[in-house]
Amino acid sequence: MKAPAFDYEAPATLEEALGLLQARADDAKVLAGGQSLMPMLNMRLARPALIVDINRLPGLDYIRIAGGQLQVGALARHTAVASHPEVKKGWPVLAEAAAQIGHDAIRNRGTLAGSLAHSDPTAEHPAVLAALDGEVVVRSAKGERTLKADDFFLGYLTTALQPDELLTEVRFPALAPRTGSTFVEFAPRVGDFAVVGVAAAVTLGGDGSWQDVRLALTGVGGTPFRARQAESALKGKKPTAADIQAAAAQVAEAIEPDSDIKASARYRRHLARTLSERALTTAAERAAGQGGR
Ligand SMILES: Cc1cc2nc3c(=O)[nH]c(=O)nc-3n(C[C@H](O)[C@H](O)[C@H](O)COP(=O)(O)OP(=O)(O)OC[C@H]3O[C@@H](n4cnc5c(N)ncnc54)[C@H](O)[C@@H]3O)c2cc1C
């Protein structure tokens, strides 16, 4: 199918873009990489009267570090995130997640901000934002607000973004020394959306015990699932295979996945357990191995 007819604007400034969104909030959609929006239009699952193409907005494709924090602009593509040396060094879980999205063509166009705004229940980036306690910066003609993952992701393909708002920046705090992190997922074929994915970041204390554990899953519900119970169960202990297995089993118990055309709820639980164990083990090994990441 072809997309329904729509008006098209490609503003040259952020102010102009925000003005268009304010004036046409009821029937406008932002176009970033187009890797989710264009299929939605072509399948007639979205019928906006106006497309606001943000690709000509200057200076929004940055990936920078400020005050130790990683800041990613709205037009930074998955490929740029996956290959950025500072991201690979300081936030490897994010680089690994970005590298597992779709194929080259999708990664070359799709954006981190667009992925969060679209909020596909099996997308990689929402789980990374949740695991790393990141936040999104959202602008409208009325002002700016920042939101954490818990407040941003509301349900299947639903976020707290208002129709007149633009997600302008994604922020990730610095990982502490002796932190190891990773993103692991299972997809039936390379390039497919994951069935389940797990983002893990663990920090080991000077005595080798789990000082901090962060674990978030995608593909087990409408929003990323932060496995807080399992995290708490591990904190303070020394990493052992038995404790990791117990925590992974706890994750599988705590989630409430749906069955769908891709996988049964039972299979998703199985994947959640297996991948959580794998992610925690790898993250702990990395933390122990380098006194860091
Ligand atoms: C074949 C195929 C395979 C894919 N595989 C994966 C995969 O494995 N994992 C995965 O996570 N994704 C996958 N994707 C989706 C891809 O990652 C998209 O890039 C991403 O979901 C959306 O980013 P985008 O920049 O393309 O956004 P767009 O498609 O341009 O927009 C998506 C939605 O977000 C809104 N939006 C975008 N940017 C903003 C913004 N800055 N502020 C406010 N709203 C905004 C749009 O209005 C729209 O509603 C796949 C896509 C295809 C076509």
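Residues numbered from 1 in each chain as written. Predicted model: local features only at pLDDT ≥ 70, side-chain atom pairs only at ≥ 80, totals over all residues. Heavy atoms only, no water.

So, the site of the ligand
Part 1 of the reasoning: Taken together, 29 residues form the shell around the ligand, and within it Val30, Gly34, Ser36, Leu37 and Thr111 come nearest.
Part 2 of the reasoning: At a separation of 3.5 Å, an oxygen atom of the ligand approaches a polar backbone atom of Ser115.
Part 3 of the reasoning: Protein contacts shield 89% of the accessible area of the ligand, which totals 960 Å² for the unbound molecule.
Part 4 of the reasoning: Elements with a contribution of two residues or more to the shell around the ligand: strand S2 (28–31), helix H7 (112–118) and strand S10 (166–172). (Near = heavy atom within 4 Å. Polar contact = N/O pair within 3.5 Å; in protein donor to acceptor, adjacent residues only side chain to side chain. Areas by Shrake-Rupley, 256 points an atom, 1.4 Å probe, with all protein chains shown as cover. Helix = DSSP H or I, 4+ residues; strand = E, 2+ residues; numbered from the N terminus.)

Things to note about empty space enclosed by the protein
Part 1 of the reasoning: For the coordinates displayed, the defined rule picks out one cavity of 30 Å³ or more.
Part 2 of the reasoning: Its volume calculated, the largest cavity comes out at about 30 Å³.
Part 3 of the reasoning: As for the largest cavity, its lining consists of Ser119, Asp120, Pro121, Pro126, Thr218, Gly222, Thr223 and Pro224.
Part 4 of the reasoning: Across the lining of the largest cavity, the residue classes tally to three nonpolar, four polar and one charged. (1 Å grid on protein atoms, 1.4 Å probe; cavity = no way out; pocket = protein on both sides within 12 Å on 5 of 7 lines; lining within 4 Å. Points joined across faces, edges and corners; volume = space filled by probe spheres on them. Nonpolar A, V, L, I, M, F, W, Y, C, P; charged D, E, K, R; others polar.)

Regarding the pattern of salt bridges
Part 1 of the reasoning: For the structure shown, the criterion picks out 18 salt bridges.
Part 2 of the reasoning: For Lys235, the salt bridge identified is with Asp212, shortest N-O distance 3.8 Å. Residue Lys235 is located in the loop between helix H10 (228–234) and helix H11 (241–254), and its partner Asp212 is located in strand S13 (residues 210–218); the two are separated by 23 residues in the primary sequence.
Part 3 of the reasoning: By relative accessible area, Lys235 is classed as partly exposed at 38%.
Part 4 of the reasoning: Residue class for Asp212 comes out partly exposed when judged on its relative accessible area of 22%.
Part 5 of the reasoning: Put simply, Arg268 and Asp260 hold a salt bridge, and the shortest N to O gap is 2.6 Å. (Salt bridge = Lys/Arg side-chain N within 4 Å of Asp/Glu carboxyl O. Buried < 20%, exposed > 50% of the residue type's maximum accessible area, 1.4 Å probe, protein only.)

Examining the pairing of strand S11 (residues 179–186)
Part 1 of the reasoning: Within S11, seven of the eight residues are buried, which leaves it mostly tucked inside the rest of the structure.
Part 2 of the reasoning: The pairing of S11 with strand S12 (residues 196–204) spans eight bridges and is classified as antiparallel. Residue pairing across strands places Phe186 opposite Val196, the latter belonging to S12. (Pairing = 2+ DSSP bridges.)

Section: the layout of surface pockets
Any empty space left between atoms is shown by rolling a water-sized probe over those atoms.
Part 1 of the reasoning: Here the second largest pocket is characterised by a volume of approximately 220 Å³.
Part 2 of the reasoning: If you trace the second largest pocket, you find 13 residues lining it, with Pro121, Thr122, Asp260, Lys262 and Arg268 closest to the centre.
Part 3 of the reasoning: Looking at the lining of the second largest pocket residue by residue, the classes come out as five nonpolar, three polar and five charged.
Part 4 of the reasoning: Per-domain counts for the lining of the second largest pocket show at least three residues from each of domain 2 (63–172) and domain 3 (179–290). (Domains from an automatic or database assignment.)

Concerning the domain arrangement of the protein
Part 1 of the reasoning: One can read the domain layout of the protein as domain 1 (7–52), domain 2 (63–172) and domain 3 (179–290).
Part 2 of the reasoning: Each of domain 1 and domain 3 was reduced to a C-alpha centroid, and the two centroids are 36 Å apart.

Looking at the side chain of Gln71
Part 1 of the reasoning: As for its placement among the helices and strands, Gln71 is situated in strand S5 (residues 69–73).
Part 2 of the reasoning: For Gln71, a relative accessible area of 9% gives the class buried.
Part 3 of the reasoning: Excluding anything up to four places from it in sequence, Gln71 contacts Tyr62, Ile63, Arg64, Ala66, Glu169, Val170 and Arg171. (Contact = heavy atoms within 4.5 Å.)

Comments concerning the nonpolar core
Part 1 of the reasoning: In this structure, Val72, Leu116, Val128, Val136, Val170 and Phe172 are the most contacted members of the largest nonpolar core, which totals 53 residues.
Part 2 of the reasoning: Beyond its immediate chain neighbours, meaning those up to four positions away, Val170 contacts Leu70, Gln71, Val72, Leu112, Ala113, Leu116, Leu129, Glu135 and Val136.
Part 3 of the reasoning: The next biggest cluster of nonpolar side chains, apart from the first, holds 28 residues, and it includes Ala200, Leu204, Leu217 and Ala283. (Core = buried A, V, L, I, M, F, W, Y, C linked by side-chain atoms within 4.5 Å.)

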